[in-house]
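# Geometric and topological summary
In case you want the letters, here they are:
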Amino acid sequence: MALGKLRKEETLVLRKKLIGQSCRLFYSEDPVKIVKARGQFLFDENGKRYLDCISNVQHVGHCHPSITKAASAQMDLLNTNARFLHDNIVIYADRLAATLPEKLCVFYFVNSGSEANDLALRLAHQYTQHEDVIVLDHAYHGHLMSLIDISPYKFRKLAGQKEWVHVAPLPDTYRGLYREDHPNPGQAYADTVKDLIEEVHRDGRKISAFFAESLPSVGGQIILPQGYSTKVAEYVRSAGGVFVADEVQTGFGRVGSHFWAFQLQGQGFCPDIVTMGKPMGNGHPLACVATTVEIAGAFTANGVEYFNTFGGNPVSCAIGLAVLDVIEEEDLKGNATRVGAHLKDLLIKLQPRHQIIGDVRGVGLFVGLELVTDREQRTPATETAALVVKRLKEEDNICVSTDGPWESVIKFKPPMCFSMDDAELTVKCIDRILTDMEASDI
């Protein structure tokens, strides 16, 4: 079977036969077969070009020549077990440390966001000697069993909630408990965590960690209200726990104004553990946990050696260094700020034209467009959102996807090289599709 020589129909038949059916494809009714990619564009087997608003993992752009060159050069020289002494891992850790608050200065390299989050749980348990974890409603932190247990998005469809897991309300100021008209939603939502901690203590249990994405993604592209994380960290630390920030979806400048999304909560806020995932390797399997000297020390003191055969190997770290270089050299943080603000502004300008647009929210190139059938009731327009995604792909060769508890949020997390023209084209097409659907009374 020659590589890349199968017709699309043959590929699909073999995939259905050989690959687990729970591994679903994008556009499963009519999948796109992608054979090449560059920057923010995907190309199918017929050379048709698609604009990619989905692939945040290819952080600085698909097949970036600098990344490919760095990977190839290091692979040609050496790739080996990460337990051999090598420069790349320490140089890369030093570069990462420069982007983080001073106290986050110890690094563990792994291969995926799931692996990073699993290790963060272990670190928290070892340091605090407590078991219980607080998570946000609708959260997703990975596909390992330990992470399914702390991901309401998954466990509610499976075995249910473990007794050591506690779910706090999602701090969603559009459709949550406390909305945009609340005088201090950050404090109000933080107090729900405080109440949860008190409830846990009354049951004779103790908090190990509060575990949350810095911007909840599967929850619907949520922007946490100001002051929330600072107050939650205060409550959690008072209870003997630690604050874990999951930056797998949001780190490395995606928010534009800062390198890390947790920094949106203010200069004084610093998590105890930060996790990172594949965007740091531009899609190469590279992930990381950053933590404090104290937490790392407790992990070492348990007497059990931790090693990760390939986490932080020379090739992965060469790629990671190249990604940091590209972010700086191409001013991708600045691009995320400018293009993201333009995209958000254009979507906001559509609101008066289309009653179905309930909310536009986001920061940098992390943007959500929430569709509703009734603005007053904020009823999720799940079917319409799915239809918009389908038509964008079929009519305009634009790839987007939906998220949120009701799959009613059209999300934008494109490669960081996404341009002003890309933003304008995407919004123009959404406008046309919504106008057409309204005229057809769909």
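Refer to the structure above for everything that follows.
These lines cover the structure that appears in this document, whether it is placed above or below. (Residues numbered from 1 in each chain as written. Predicted model: local features only at pLDDT ≥ 70, side-chain atom pairs only at ≥ 80, totals over all residues. Heavy atoms only, no water.)

Moving on, we come to the pairing of strand β7 (residues 207-213). Counted residue by residue, β7 has seven buried out of seven residues, so it is predominantly covered. Alignment of strand β5 (residues 132-136) against β7, held across four bridges, turns out to be parallel. Bridge pairing in β7 places isoleucine 134 opposite phenylalanine 210. Note that β7 and strand β8 (residues 242-246) share five bridges and pair parallel. Residue pairing for β8: phenylalanine 211 is matched across the bridge by valine 244. Between β7 and its parallel partner β8, the chain crosses via helix α8 (residues 228-238), and the hand of that crossover is right-handed. (Buried < 20%, exposed > 50% of the residue type's maximum accessible area, 1.4 Å probe, protein only. Helix = DSSP H or I, 4+ residues; strand = E, 2+ residues; numbered from the N terminus. Pairing = 2+ DSSP bridges. Right-handed = clockwise from strand over helix to strand, strands pointing away.)

Its 16 residues place the ends of helix α4 (residues 113-128) 22 Å apart at the C-alpha level, agreeing with the 22 Å of an ideal helix rising 1.5 Å per residue. Among all positions in α4, only Gly113, Ser114, Ala116, Asn117, Leu119, Ala120, Leu121, Leu123, Ala124 and Thr128 are buried. Two residues or fewer after α4 comes glutamine 129, characterised by a positive phi angle close to 60°. (Expected span 1.5 Å × (residues − 1).)

Inside soluble globular proteins, nonpolar side chains tend to come together where they are buried. Formed by 96 residues in total, the largest nonpolar core has its most connected members in Tyr92, Phe210, Phe252, Met276, Leu347 and Phe412. Every residue in contact with phenylalanine 412, bar those within four places of it in the chain, is listed here: Cys53, Gln221, Leu343, Leu347, Leu365, Phe366, Val367, Leu369, Val400, Thr426 and Ile430. Core analysis: the next-biggest nonpolar cluster, separate from the first, contains 27 residues, Ala120, Ile148, Val165 and Ile273 among them. (Core = buried A, V, L, I, M, F, W, Y, C linked by side-chain atoms within 4.5 Å. Contact = heavy atoms within 4.5 Å.)

Its volume calculated, the largest pocket comes out at about 1,900 Å³. Lining the largest pocket are 45 residues, with Phe26, Tyr153, Ser401, Thr402 and Lys411 positioned closest to its centre. Of all the secondary-structure elements, those providing two or more residues to the lining of the largest pocket are α4, α6 (152-155), α12 (382-396) and β15 (401-403). It is α12 that contributes the most residues to the lining of the largest pocket, six residues altogether. Grouping the amino acids of the lining of the largest pocket by side-chain chemistry returns 14 nonpolar, 16 polar and 15 charged. (1 Å grid on protein atoms, 1.4 Å probe; cavity = no way out; pocket = protein on both sides within 12 Å on 5 of 7 lines; lining within 4 Å. Points joined across faces, edges and corners; volume = space filled by probe spheres on them. Nonpolar A, V, L, I, M, F, W, Y, C, P; charged D, E, K, R; others polar.)

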